[in-house]
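Report on the structure
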Amino acid sequence: MNEPTVVAVDAATMLFNLPNYRVISTTVSADGCRQVIVESEQPPGCPSCGVVATRKKERRFQRIRDIPVAGKIEVVWRKYRWYCQELECQRLSFFESTTQVPTRARSTGRLRDHLVDAVIRSGRAISETAAGFAVSWWMVRAAVNEACLLKLPDVDALRPRMLGIDEHRFRSVRYFKDPDTNAWQRFEPWMTTIVDLDTGQVLGVVDGRDHTGVGAWLIQRPLEWRLGVHVVAIDPSAAFRKALRMWLPRTAVAVDHFHLVSLANQAVTEVRQQLSHQVHGRRGRAVDPAWAHRMLLLRAGDSLSDNARARMENVFATDDPTGKLKAAWDVKEQVRVLLRTGSLEEAELAKKRLEELVQESKQPETTRLWRTICRWWKEIEVHHRHRRHHWKSRSKQHQHQAHQTNCSWLPQPKQLHIGYSLEKCRPDGGMTLTRESKSPRTTKSHLILRR
């Protein structure tokens, strides 16, 4: 009978499957949480001289965060402090560390790998990932920052069919002094993100929000890559449309309906503010029905309840003597109807009705909105045909906002159009980037490497 001559791995260690560790014991607490106590399998080597230790000095128990294994668990590492037996080594003793739990780490390597995969490859928000793995937001952000050397797919090797382009202001305006001229320069913290609408993969991040940055990024792509793009969804930005007409002339451009509705809401707000000055001679107050229901005026009319609609009718009856606010609200609702139509024929009819409402309104705010829709009508028709918008572009940025607080995509140097180079760490832990022939500037918040 043949018997194995190696040490058999116990079942608990095999199921737990944490490399270089073995399970010592497991317990279940009163609240049902399982506690797993582990220890390292092999004696470590001295960090200074590398001599393998043979004598233990002390031990302590350290809680470490790990991935959920068939539910929530609490992992406790029975960690030893070892003597260094090398007489010439200046280090007398040291605590052990492993590849899964390096020095000063409080979480396993496989947990960090799962967090990075969830954020970068799956496109999940940091807050969502932190809640799913029962860790803090800061830990997920740190894990993604540590993965800055992660090899993302080559953009030129991909063949996207539909792109989304959107700009994002990631921080307040900053001023930096030019070391050559000692003159202060103003830097607008804008960036533009280019996303594959089919997969949600971020393809590139360029500095600024003008046509030169987007155009320079597009011209770097191969000709087959550009010919394969069929539709590009953008916001009503003349700069983006100019870049697309120059470098993607055969591609259909669709305008995102979110920004058109936002422009319509802005027109209603401006009319309400001017009406307050005309009627009351001051800004709106809580006693004014129009100001008290200012957010109700921006809601979709078809989603209002009977009570909400009654309150809105009361606003028009008591605080709108000129009828301008009601006319602007009707224009805003007709814009929503136009964007919600299911065919080009219905869109044409909705456009004619919108023109009639604008002419009846006779207000500069609604006239300006009508001119914007006319200038972007071809792009609106493309939106009706393809129903493509860049919500994935905004989701990659809106994770910067308070409700998401997350997009932590780390672009590779070839995916960035601007030629930055890392120089040195600032006292706050961020990195300073240097652009050729220009003064230093601070990197974007999602590219700062927190150490």
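Everything discussed here concerns the structure shown above.
Residues numbered from 1 in each chain as written. Predicted model: local features only at pLDDT ≥ 70, side-chain atom pairs only at ≥ 80, totals over all residues. Heavy atoms only, no water.

Quick notes on the overall build of the protein chain
Each helix and strand in the protein chain was counted, giving 15 helices and 15 strands. Expressed as a percentage of the 451 residues in the protein chain, the buried residues total 47%. In the protein chain, of all internal contacts separated by at least 6 residues, the share reaching a separation of at least 24 is 59%. When the accessible area of the protein chain is evaluated, it comes to approximately 24600 Å², of which 52% is carbon and sulfur surface. (Helix = DSSP H or I, 4+ residues; strand = E, 2+ residues; numbered from the N terminus. Buried < 20%, exposed > 50% of the residue type's maximum accessible area, 1.4 Å probe, protein only. Contact = heavy atoms within 4.5 Å. Areas by Shrake-Rupley, 256 points an atom, 1.4 Å probe, with all protein chains shown as cover.)

Section: the packing of helix α5 (residues 211–219) against helix α7 (residues 238–247)
α7 packs onto α5 with a crossing angle of 30° between their chain directions and a minimal axis gap of 8 Å. Judged on the interaxial angle alone, α7 and α5 are roughly parallel. Viewed along their axes, α5 and α7 form a crossing whose handedness is right-handed. Each of His-211, Val-214, Gly-215, Leu-218 and Ile-219 in α5 lies in contact with α7, whose residues at this interface are Ala-239, Phe-240, Lys-242, Ala-243, Leu-244, Met-246 and Trp-247. Classifying every residue of the contact of α5 with α7 by side-chain character gives nine nonpolar, two polar and one charged. (Axes fitted to C-alpha atoms, helices over the stretch in contact; angles between N-to-C directions. Parallel < 35°, antiparallel > 145°, perpendicular 65-115°, else oblique. Left-handed = near helix turned anticlockwise from the far one by under 90°. Nonpolar A, V, L, I, M, F, W, Y, C, P; charged D, E, K, R; others polar.)

Notes on the pattern of salt bridges
Applying the stated rule across the entire model yields 17 salt bridges. With a shortest N-O distance of 2.7 Å, Arg-221 and Asp-156 are connected by a salt bridge. Pair noted here: Arg-221 is in the loop between α5 and α6 (223–227) and Asp-156 is in the loop between α4 (137–146) and β6 (162–169), with a separation of 65 residues, a long-range link. Taking the relative accessible area as the measure of exposure, Arg-221 reaches 5% and is therefore buried. Among the ionic pairs, Arg-161 bridges to Asp-198, the shortest N-O distance being 3.4 Å. Of this pair, Arg-161 sits in the loop between α4 and β6 while Asp-198 sits in the loop between β9 (190–196) and β10 (202–207), placing them 37 residues apart in sequence. Here Arg-161 falls in the partly exposed class, since its relative accessible area comes to 39%. Residue Asp-198 is classed as partly exposed on the basis of its relative accessible area of 32%. Because the salt bridges share partners, they merge into one network encompassing Asp-302, Lys-332, Glu-333, Arg-336 and Arg-340. (Salt bridge = Lys/Arg side-chain N within 4 Å of Asp/Glu carboxyl O.)

Observations concerning the sheet that holds strand β12 (residues 252–255)
What the five strands build is an open sheet, ordered β10-β9-β6-β11-β12; its pairing is mixed. If you trace the sheet from one side to the other, it starts and ends with β10 and β12, each paired once. Going from strand to strand, the sheet's axes swing by 20° on average, the running direction of each strand aside. The sheet contact formed by β6 and strand β11 (residues 231–234) spans three bridges and is parallel. The residue bridging Leu-163 from the neighbouring strand is Val-232, located in β11. This element, helix α14 (residues 377–386), spans β11 and β12 of the sheet and lies at about 90° to β12. (Pairing = 2+ DSSP bridges.)

As for the pairing of β6
With seven of eight residues buried, β6 lies mostly within the body of the structure. Alignment of β6 against β9, held across seven bridges, turns out to be antiparallel. Across the sheet, Asp-166 pairs through a bridge with Thr-193, a residue of β9.

Looking at helix α3 (residues 126–133)
Taken residue by residue, α3 has Ile-126, Thr-129, Ala-130 and Phe-133 as its buried positions. All buried residues of α3 project into a common sector of 100° when viewed along the axis, lining one side. Immediately downstream of α3, the backbone of Ala-134 shows phi near 60°, a positive value. (Arc of directions from axis to C-beta.)

Section: the side chain of Ser-361
The residue Ser-361 is located in helix α12 (residues 344–361) in this model. Among the polar contacts made by the side chain of Ser-361, one reaches the side chain of Thr-366 at a distance of 3.4 Å. Sequence-distant contacts of Ser-361, that is, excluding residues within four places in its chain, are made with Ala-327 and Thr-366. (Polar contact = N/O pair within 3.5 Å; in protein donor to acceptor, adjacent residues only side chain to side chain.)

Remarks on the pairing of strand β4 (residues 73–83)
By the criterion of burial, β4 is predominantly enclosed, with eight of the 11 residues buried. When strand β2 (residues 34–40) meets β4, the two strands line up parallel, connected through five bridges. Bridge assignment links Arg-34 to a residue of β4, and that residue is Ile-73.

Structural notes on the environment of Thr-341
Considering the arrangement of structural elements, one finds Thr-341 in the loop between α11 (324–340) and α12. Thr-341 sits 43 residues away from His-384 along the chain, and the two C-alpha atoms are 7.7 Å apart. The contact partners of Thr-341, leaving out residues within four places of it in the chain, are Glu-346, Ala-347, Ala-350, His-384 and Arg-387. Only 2.8 Å separates the side chain of Thr-341 from the backbone oxygen of Leu-338, close enough to count as a polar contact.

Focus: the environment of Val-331
As for its placement among the helices and strands, Val-331 is situated in helix α11. Judged by its relative accessible area of 1%, Val-331 is buried. The sequence separation of Val-331 and Glu-356 amounts to 25 residues, and the corresponding C-alpha distance is 9.4 Å. Filtering out sequence-adjacent residues up to four positions away, Val-331 remains in contact with Leu-354, Leu-357, Val-358, Thr-366 and Leu-369.

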